[in-house]
Amino acid sequence: MNIILLGAPGAGKGTQAVRLAARYKIPHISTGDIFRYNIKNQTPVGMLAKSYIDKGQLVPDEVTVRIVRERLEMDDCKNGYLLDGFPRTVEQAKALDGFSAIDAVVNVDVPLGKLMKRITGRRVCGKCGESHHVDYLGGKNVCAKCGGELIQRADDNEETVGKRLDVYVSQTAPLAAYYEKKGVLLTVDGDGEIEEVFERITERLDK
Ligand code: AMP
């Protein structure tokens, strides 16, 4: 099954993607993670991506599409994949249509007003990648899953998040209509506990 997870920054795509990939035994492909890996390793793609990510802007379509196309050609994608954070523009969606067929697009829907608090309070485990929220950490900075140290993503500050949300509304939100027209859109209420949202998604996908 080839699946896209659509949703605003902070809607919980990454959290759900890890669990969905395990359930359906397909690779979880996050363009944000690919860019962060490249930034950490100071590759040319990483240097370029950083200049956009730091400003809350999208990395140019041409670069992003190439990375995804090459990733989807890998052997582990033969039985399906889960895309998290791609496509983010109609241009990217059109490019993807040219090299892969999508079975389902899950739109994780969270009221825009809740996203700023969700993202600025987010702390990510440097070891296993699990996302947490300061409200549930009781002052500790340790991952409940693996004991790793938690960090705040450089682009999770209020100013950059504001720009990312604007970019989402103007460039990514129109993708829901794009996939609705194709008859593959499944909109799921993303407001709730992680397990609850996971159940809602799998119920729709299992059908
Ligand atoms: P994420 O981890 O999905 O929140 O992505 C972090 C940042 O990486 C975004 O704010 C963008 O700057 C960049 N990025 C991730 N995916 C894409 C994409 N599909 N197109 C353009 N930029 C992207």
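Quick note: structure is the one above.
Computed from a predicted structure; not experimentally measured.

A. Up close: the side chain of threonine 15. Relative to the helices and strands, threonine 15 is located in helix H1 (residues 13-24). Here threonine 15 falls in the buried class, since its relative accessible area comes to 15%. Setting aside its immediate chain neighbours within four residues, threonine 15 contacts Ser131 and Ile194.

B. Expanded view of the pairing of strand E5 (residues 122-125). Because side chains alternate across E5, one face comprises the buried residues Arg122 and Val124, and the other comprises Arg123 and Cys125, equally buried. Across 3 bridges, the pairing between E5 and strand E6 (residues 131-133) is antiparallel. The residue bridging arginine 123 from the neighbouring strand is histidine 132, located in E6. Hairpin connection between E5 and E6: a loop of 5 residues separates the two successive antiparallel strands, and glycine 129 in this loop has a positive phi of roughly 85°. Pairing of E5 with strand E7 (residues 150-151) involves 2 bridges; the strand directions are antiparallel. For cysteine 125, the partnering residue across the bridge sits in E7 and is leucine 150.

C. Main features of unusual backbone geometry. Residue proline 87 is reached from phenylalanine 86 by a cis peptide bond, and omega for that bond is -5°. On the secondary structure map, proline 87 appears in the loop between strand E3 (81-84) and helix H5 (90-97). Despite not being glycine, glutamine 42 shows a phi value in the positive range, around 50°. Positionally, glutamine 42 belongs in the loop between helix H2 (31-40) and helix H3 (44-53).

Basis of the calculations
Within any chain, residue numbers begin from 1 and follow the written order of that chain's sequence. For a predicted model such as this one, the threshold for reporting local features is a pLDDT of at least 70, and the threshold for listing and counting side-chain atom pairs is 80 or more; totals across whole chains, interfaces and linings nevertheless cover every residue. Only heavy atoms go into the side-chain values, all of them from the structure, while hydrogens and water stay out. To qualify as a helix, a DSSP run of H or I must reach at least 4 residues; to qualify as a strand, a run of E must reach at least 2; elements of each kind are numbered from the N terminus. Whether a residue is buried, partly exposed or exposed follows from its accessible area with a 1.4 Å probe, protein chains only, as a fraction of its type maximum: under 20%, in between, or over 50%, in that order. Contacts are residue-level and defined by heavy atoms, with any inter-residue pair within 4.5 Å sufficient. Two strands form a pair only when DSSP identifies at least two bridges running between them.

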